[in-house]
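Below, each chain spelled out in residue letters.
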Amino acid sequence: MQNELKIALLQSDLFWENPEQNRVHFTKKFEDISDAVDLIVLPEMFTSGFTMNPEKVAETMYGETVVWMQEIALKKQTAIVGSTVISENGCFYNRLLFVHPNGIIETYDKKHTFTLAGEDKVYTAGQSKLLVTYKGWKICPLICYDLRFPVWARNVEDYDVLIYVANWPKVRVAAWVALLKARAIENMSYCVGVNRVGVDGNGHEYSGHTAVYDVLGHQLDTIQENQEAIEIITLSKSHIKTYREKLNFLNDKDVFTLE
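Residues numbered from 1 in each chain as written. Predicted model: local features only at pLDDT ≥ 70, side-chain atom pairs only at ≥ 80, totals over all residues. Heavy atoms only, no water.

Novice: What's the story with the packing of aromatic side chains in this structure? I'm lost.
Specialist: To describe a pair of aromatic rings, you give the distance between the ring centres and the angle between the ring planes. Taken as a whole, this structure holds eight aromatic pairs when the rule is applied. With 4.9 Å between their ring centres and 70° between their planes, phenylalanine 114 and tyrosine 145 make a pair best called edge-to-face. Of this pair, phenylalanine 114 sits in the loop between strand S5 (105-109) and helix H4 (119-122) while tyrosine 145 sits in the loop between strand S7 (137-143) and helix H5 (150-153), and the two are 31 residues apart along the sequence. When its relative accessible area of 17% is taken as the criterion, tyrosine 145 is described as buried. An aromatic cluster of at least three residues, connected via ring pairs, comprises Phe26, Phe30, Phe46 and Trp68. (Phe/Tyr/Trp six-rings, centres within 6.5 Å; stacked < 30°, edge-to-face > 60°. Helix = DSSP H or I, 4+ residues; strand = E, 2+ residues; numbered from the N terminus. Buried < 20%, exposed > 50% of the residue type's maximum accessible area, 1.4 Å probe, protein only.)

See the structure below:
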């Protein structure tokens, strides 16, 4: 177990429905990360933008994007996480991939599909949370709209870091900011939110507001809105341990089961 976890947050524009161009784009971004980091976090649907045309961009778990992520993870000896469109068994999924440095992949399919955009009509919703154990840290990665549902994120597993990858539009960014902070406070965990910037193929504008909050809800990063940027932040296991032992708020959480 290591006390510190160094994370690179990639706030970026995306090329609409163009996986190949997005892979080239992010390959260049990775080259700009000169520090040794433990984890690189990409936005939601980082190969396409938030498209409701999955048939145009979908790949399999043996496709070019998955292989590319494995190659990058191995080359840089870091884990990579982000979501992309996956086709499997006749269904489309907004699937988060957590790729370990050794190439092992853990997956999470977005539970709360975004009905306002019709995501529920074209993507199959997942049913299970993912808890990743990585370098002694417990990480719970979720996707965008999941942020609005605190029960799904409730820290009943004693995770250390909650991660949201997103395409969260500028028009509702106030909710993004407030909810990321709330998830950190109520779960006494770090909360990381990586959002895109730019304008997508449907004309929706994204302002970023990529952020990291500690267990007390303090924002740790200084990443600029409306700009492509790479922010490297170091998380501390000692910080979590100190405040959980001092305050004990998680000991008083409600007990429940999900059906």
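Novice: Is there a simple way to explain the sheet that holds strand S4 (residues 91-99) in this structure?
Specialist: By way of backbone hydrogen bonds, the strands of a sheet pair with one another, either parallel or antiparallel. Across the sheet, six strands lie side by side as S5-S4-S3-S2-S1-S13; this open sheet has mixed pairing. Strands at the two margins of the open sheet, each flanked by one partner only, are S5 and strand S13 (229-236). On average, each strand axis in the sheet is tilted by 30° relative to the strand beside it, whichever way the strands run. Taken together, the eight bridges between strand S1 (residues 4-11) and S13 define a ladder with antiparallel strand orientation. Paired with isoleucine 7 across the bridge in S13 is isoleucine 233. (Pairing = 2+ DSSP bridges. Axes fitted to C-alpha atoms, helices over the stretch in contact; angles between N-to-C directions.)

Novice: How should helix H1 (residues 19-31) be read in this particular structure?
Specialist: Turn by turn, an α-helix covers 3.6 residues, leaving residues three or four places apart pointing in a common direction. Over its 13 residues, H1 extends 19 Å from the first C-alpha to the last, a length consistent with the 18 Å expected when each residue adds 1.5 Å. Looking at the buried positions of H1, the neighbouring elements they touch are S1, strand S2 (39-41), helix H2 (54-57), helix H3 (64-76) and S13. (Expected span 1.5 Å × (residues − 1). Contact = heavy atoms within 4.5 Å.)

Novice: Whenever I open this one, the side chain of histidine 100 confuses me. Can you help?
Specialist: Tracing the backbone through its elements, the reader meets histidine 100 in the loop between S4 and S5. A relative accessible area of 10% places histidine 100 in the buried class. If sequence neighbours within four positions are ignored, histidine 100 has contacts with Ala73, Thr78, Ala79, Glu106, Val132, Thr133 and Tyr134.

Novice: Explain the layout of surface pockets to me, please; I cannot follow it from the model alone.
Specialist: Unoccupied space between atoms shows up once a probe the size of one water molecule is rolled over them. Estimates place the volume of the largest pocket at around 280 Å³. What lines the largest pocket is a set of 16 residues, among which Phe50, Phe114, Ala117, Pro169 and Arg172 lie closest to the centre. When grouped by side-chain class, the residues that make up the lining of the largest pocket number eleven nonpolar, three polar and two charged. (1 Å grid on protein atoms, 1.4 Å probe; cavity = no way out; pocket = protein on both sides within 12 Å on 5 of 7 lines; lining within 4 Å. Points joined across faces, edges and corners; volume = space filled by probe spheres on them. Nonpolar A, V, L, I, M, F, W, Y, C, P; charged D, E, K, R; others polar.)

Novice: What is the right way to read the sheet that holds strand S6 (residues 132-134) from this model?
Specialist: A sheet is described by the order of its strands in space; here five strands give the open sequence S6-S7-S8-S9-S12, paired in mixed fashion. The sheet is open, and its two borders are formed by S6 and strand S12 (211-213), each paired with just one other strand. Strand-to-strand twist in this sheet, taken as the mean axis angle between neighbours without regard to direction, amounts to 20°. Examined bridge by bridge, S7 and strand S8 (residues 161-166) share five bridges and lie parallel to one another. Within S8, the residue paired with proline 141 across the bridge is isoleucine 163. Packing of helix H6 (residues 173-187) onto the sheet brings it into contact with S8, strand S9 (190-195) and S12, and relative to S9 it is tilted by some 155°.

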